[in-house]
Amino acid sequence: MSFIESIKWTVEDAVDRASDLVQNATGEADRRAYMAALKNKAAAFKRDVSAAVDQLNQEISRFNERIISLNALRKNEVSGKIGMLFAFLGKFGACKPCGAYTDESTQIPTEFPQRELDAQEHYISENDWSKEEVFWNTFFRSFVGMKKKTRDQNLRLQEAIHDTELRTRGTLDQLSLKDQKTVQDIEICNMYMSNVSTISAFIQDKIIPELELVEAFFQAAKIKDEILSDHTLVNPVFSYQLSSIIGTPYEKHYRFVKNTFMFYVLSCKIYDTPVLTNLLRQETSHADIAHLREEREALNAQARTVQAEMTVNRGGVENE
Amino acid sequence: MSNSFSEVIQIRNALSMQQRALYVAAVTNINVRNRELLQNNFGVTLVKNCARDMAGEVARRYFDFGNYYITVDQLYDRFVHFSYENDNDLLSADEGLRKAFYNINDASTSRELQHIADQVYSAQEKLFTESRTTDKLDQQGKQAYRDMQRAANGGTLYDELTGNPDKLGTYMRNGKEVAQSELHADHIQARESAKYNSRYIKANQAERLREFYNSADNMQLMHASANTSKGDIRVCIVDGKEQYVNARDSSYDASTDITATATADQLVNATVHQWEKETPSGNKTQKLTEKGYLDDQGKVKESVKEQLRRNIIHSQNAESIAMLQAMDYRAVGSDAATMTVQSMPKILAGQVFYYVLPPLLYEVRLALRHEDISFDSLIDRIKNAGNRIIHYVRQKAKNIFHNVVFNSLHKFLKSFFDILIELLKATVKRIARMAKHVVISLVNCIRTITAPDMTAAQKADAVTKTLSVTIGGIVLELIFEYMEDQFGLPNWLMEPLQIVVTILATNSIMLILDKLDLFDVQYGLLTSNIDQVFEEEYQTYIHESEALKQQSRLEMEALMENMKSQISELEQTIQALDPYRDDVLVPLERMNRIYDMNINFEKEWNDFITIVPRRGESKCCTSF
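This write-up is about the structure you can find in this document. (Residues numbered from 1 in each chain as written. Chains lettered and ligands numbered in written order. Predicted model: local features only at pLDDT ≥ 70, side-chain atom pairs only at ≥ 80, totals over all residues. Heavy atoms only, no water.)

This brings us to the overall build of chain B. Counting its regular elements, chain B contains 21 helices and eight strands. Per-residue burial over chain B gives 45% buried out of 624 residues. About 32300 Å² of surface is accessible on chain B, with carbon and sulfur atoms providing 56% of the total. (Helix = DSSP H or I, 4+ residues; strand = E, 2+ residues; numbered from the N terminus. Buried < 20%, exposed > 50% of the residue type's maximum accessible area, 1.4 Å probe, protein only. Areas by Shrake-Rupley, 256 points an atom, 1.4 Å probe, with all protein chains shown as cover.)

Right, let's talk about the nonpolar core for a bit. Ranked by internal contacts, the top residues of the largest apolar core, which has 83 residues, are Tyr264(A), Phe5(B) and Tyr595(B). Within the residue set of this core, elements represented by two or more residues are α2 (28-89), α4 (131-228), α5 (251-272) and α6 (275-280) of chain A together with α1 (5-38), α19 (521-575), α20 (585-594) and α21 (601-610) of chain B. Tallying contributions element by element places α4(A) first for this core, with 17 residues. Look past the residues within four positions of Tyr264(A) in its chain and what remains in contact with it is Ile82(A), Leu85(A), Phe86(A), Leu89(A), Cys95(A), Lys96(A), Pro97(A) and Cys98(A). (Core = buried A, V, L, I, M, F, W, Y, C linked by side-chain atoms within 4.5 Å. Contact = heavy atoms within 4.5 Å.)

Let's shift gears to the interface of chain A and chain B. Contacts between the two partners involve 83 residues from chain A and, on the opposite side, 86 residues from chain B. When chain A packs against chain B, the two sides together hide about 8200 Å² of surface, and 64% of this comes from carbon and sulfur. Our count for the contact surface shared by chain A and chain B stands at 10 salt bridges. Looking at the side of chain A that touches chain B, the elements with two or more residues in it are α2, α4, α5, α6 and α7 (286-309) of chain A. Examining the composition of the side of chain A that touches chain B, we find that 33 residues originate from one element, α4(A), more than from any other. (Buried area = accessible area lost by both parts, 1.4 Å probe. Salt bridge = Lys/Arg side-chain N within 4 Å of Asp/Glu carboxyl O.)

In this structure the tally under the stated criterion is 57 salt bridges over all chains. The residue Arg35(B) makes a salt bridge to Glu159(A) at a minimum N-O spacing of 3.3 Å. Taken as a pair, Arg35(B) in helix α1 and Glu159(A) in helix α4 lie in two separate chains rather than in one. One salt-bridge network, in which partners are shared between bridges, spans Lys96(A), Lys603(B), Glu604(B) and Asp607(B).

These figures capture arrangement, not role.
Set out below in structure tokens:
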């Protein structure tokens, strides 16, 4: 190093050390530490919340897959049967047609709270004093003035750090709750699908095979009536009075028709209404919460008395 | 048990909202507590401190509590608010600094100052015991002065009071004409009334004072008639009033003579009194007017008064310096030490009040809280209490020792300086007062620096405050001296005024320094408090949030289990149905409720069977 360079280096070194001394006294060193900590917290927010959002979105896509399966079930299995039941039931009464098919909705994936992160990064960039800024401010404001300014800044940074930490925690908690919720939704969806399959299978196995038979019965009865009342059997109209067979040994056919009707109505509902979606999307008001709390207290008290009577423990609601 | 998923969903929603509420509560709490910490109660603190200091000062000055080195309001605080955990040691805090500062000056009516004044007065002795005519020093001094003045003014003598030049007259001596100056070289502070303090100035040092009295510093040239008409005027306090009596008068009483300790103004007034007095014979008034001493109305001119005053002050200052040089400091020290030793009982008593009584009162309060006071349990309790108190006092032994040492030192220095101040005059007296302030403040600073339990920053802070307050105090003293001079306010008004202004200024200075917080003491405390608040609220939030999550998980699991078992039961039921015999409505209605499907089976059935399809028609269905 040449002589001049080494002198320059020494001077710079001395100036640095002097400014360090002053800046430690004004609290600048603390400020830098706080700033670094704040940046760390912001980075942690970004990292942890991203991870949580990703995990949540995975659950949501699993949920959406189930919904797609559910919709396929509804469209394919249920719809075919509805037609046959409708044709059958139309002969016994005023059968309303089913409504149009409606999809069960999928859930939208959660977005990363970019706005929050942006606000944090904006705050950091606004408040990160550069070395030059600090130097000129100290020069113009004098030692005492700079001390006050730095101190105020440090207090603000301290608050910002705490705020970020708490916000991170709060966001993570909310996301984990949503995660739990989604897992639950998947379970409920599975249960619904299972129910729908059961209904569908029942209709397939126990109802549809009997349709012709029951209709044949009524036709025979009709013909019998016609003949007995001496009408000609030209183009008999086959409409059937259900109530006529009540009280007769043939009541079971009446019951069959009624039961079939019930299954029809249910199937229609499953087909044209997004039952699951409506169920899961319910909102709760504050009044509901209060009411709910009372109900739960009552139920829990009941459960406890019941639990006390039982000799073998069964899964009850844990309180506290 | 719940029989609908709808309930599960509702409970889930409620838990989510509760979670949110916890978060909002944490944020709100933190904000509120931080606002409290950051609040600036400047005005309120100022008023509160001033009021307490006033009470303490009044008690200290007018009941002479200064020697306990504890003030009444400090004691009250300790008695009422003490507990072992909440041990607010006020002596080392800002309060202690203020009280130490106030304790530098006692009330003028305090016993200590009276005692000093009496001691000083009783030791006053006449400085010049031989007659003037045989005193060689007297004549030599005067001659030397005349020569000095002549040399300084190019051969002529000037009347120092009027500025007029000497008029030489002639008189006959032994047949020769001899020039005679009409100016006399006069002792500014008269030789006859000069006194010295035999207690603090040894007899062999008194010579120095005699030399002073005859030196140029105590000489002035004035007109002969002015000099002679002065006579041997003395300042006396007769029946509490200031009177000017000639020592040669029959009414003169030496025990009322205060000339030796009179102020410059008093001495000027005495001289002026003589010059303006009507004389039954002679042409004194005419002569004095002619020579420029009196104006047309027979009153002494302002310029003459002023010059006289200045000369007296100069003389008194020079005398004070000579006194300081001649002083037997060992005697002063030993008197100050005697006074300190006499105050030791009170100093110790003060520490006892401060450190032993509060825990004692606290224990008594604790003991009285228990209602079942049987004799045995009382003895036990007293023993335990005694042990605790002894333990506490032993803990505080360092502080007690520290306090006793520094209070004694404080008392010694205070007495030392008080004696000196009583002896000195004029400007030197004022300077001595300020020196007292500075020295004692420095001792207070050393006390702070050696205090057992303060951090370095706290000590630096305390030292800065002490020094700032001292400077403020000196400035105030100067202002008050000036006011006393200019406005001639009586003492009964000056002293309370001084107390009030001092307290106000001291508190303001200290609060301003607190606000500036040059050593980050307050700031450090603030940041650590803020951190603590956050930690508390954060932990509370985490704790409650976890508890909520835990509880909700268990509840949800139970609910879902319940629903699962209901549903599997339902499915089994449905699978086992016989459409010919069974009524499917019951299980289907259950499914309706479980999934909130809102199907009204009854209504649908009624709509179905009431309308029978017309003959010839059969309803067509829409194709799928």
